[in-house]
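Secondary and tertiary structure notes
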Amino acid sequence: MQQPAVPELAHTHTRPIHWLATATAVAGVVALSSVLQPNSATAAQTAGPETGHAPAALAPPDPAGVDLPLECGPVKAVVVKKATGDLDGDGNPETVAVVHCDAPMGTPPDGLYVLTRATETATPRVVATLVDPKDSTTVSDITVRDGAVVADLLSYSSDDVPRCCPDVKNSAKWQWKNGTFVRSTPAGAHSV
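Here is a short report on the structure shown in this document. (Residues numbered from 1 in each chain as written. Predicted model: local features only at pLDDT ≥ 70, side-chain atom pairs only at ≥ 80, totals over all residues. Heavy atoms only, no water.)

Some points on the pattern of salt bridges
Under the criterion given, the structure shown has two salt bridges. Put simply, K82 and D62 hold a salt bridge, and the shortest N to O gap is 3.9 Å. Here D62 lies in the loop between α1 (16-35) and β1 (77-85) and K82 lies in strand β1, a separation of 20 residues in the sequence. Across the pair E120 and R117 runs a salt bridge whose closest N-O atoms are separated by 3.3 Å. A residue is classified by how much of its surface remains accessible, and E120, at 44% relative accessible area, is partly exposed. Note on R117: relative accessible area 15%, which makes it buried. (Salt bridge = Lys/Arg side-chain N within 4 Å of Asp/Glu carboxyl O. Helix = DSSP H or I, 4+ residues; strand = E, 2+ residues; numbered from the N terminus. Buried < 20%, exposed > 50% of the residue type's maximum accessible area, 1.4 Å probe, protein only.)

What follows is the structure, given as C-alpha cells:
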C-alpha cells in the first residue's frame, strides 16, 4: 500500500465531540424553526377598506352523515363521487354527491343529490335530487363548472339489457335558474 504524499490531518478524523457539536447545532435549528413559524396561509382574500367586512365563505357540505333520500334495506348507502362549487351564486359552495347502495353484486343505480347548509355549524341537507335511483341510471363522471353540474350518465336502452351492463351514454347539465335546477342535454344519447 502506498502512503499518501500529504500527512494525515488531525481534523479529518471525527471524534465524539464533533458528533456532539453537530447534534447540538441540529437540535438548535429544529427548536428555533418550531418557534419561528410563518402565519397560516388562507385562500380567502381580505376585504379592502372600501368593501368593509366580507362574510367568510362556508366549507363545502360533507355528505357523510346526511340523511339521503335513498332506501338501501340491509346495506348502507355509499358516496362514490362528489364535486363542490357555488351553484346558486350566493358565494358559498354546495356539494353534489353521487350515492348508491353498497350492493354486493351488480351495478346499483346512482342517485345524484345537491347538498347545502346555511351556516358553518348547520347540518348539511339535500336541496335537490338531480338523478333519482329509481331511473336505473349510473353516473360515470361528474364535475361542477361555471356554476353548473355536468354529468355523464349510463343507462339501458330496454328492460332486456342486463342490469350489469348499461348500453346508453348521455351527458346532462343542470344550472340553477329561478329557484330550481334546470336540466339541459348537450349531446344526444349514443350507445356505449
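Regarding the sheet that holds strand β2 (residues 94-101)
If you walk across this open sheet you meet the four strands as β1-β2-β3-β4, and the pairing is antiparallel. The open sheet has two edge strands with one neighbour each: β1 and β4 (125-131). With direction set aside, neighbouring strand axes in the sheet form an average angle of 30°. Sheet topology places β2 next to strand β3 (residues 111-116); five bridges connect them, and they run antiparallel. The partner of T95 across the bridge, within β3, is L115. (Pairing = 2+ DSSP bridges. Axes fitted to C-alpha atoms, helices over the stretch in contact; angles between N-to-C directions.)

Some words on the environment of D141
By the element assignment, D141 lies in strand β5 (residues 138-145). Taking the relative accessible area as the measure of exposure, D141 reaches 38% and is therefore partly exposed. Taking the C-alpha atoms as reference points, D141 and D152, separated by eleven residues in sequence, lie 5.1 Å from one another. In contact with D141, other than residues within four places in its own chain, are K81, V150, A151 and D152. (Contact = heavy atoms within 4.5 Å.)

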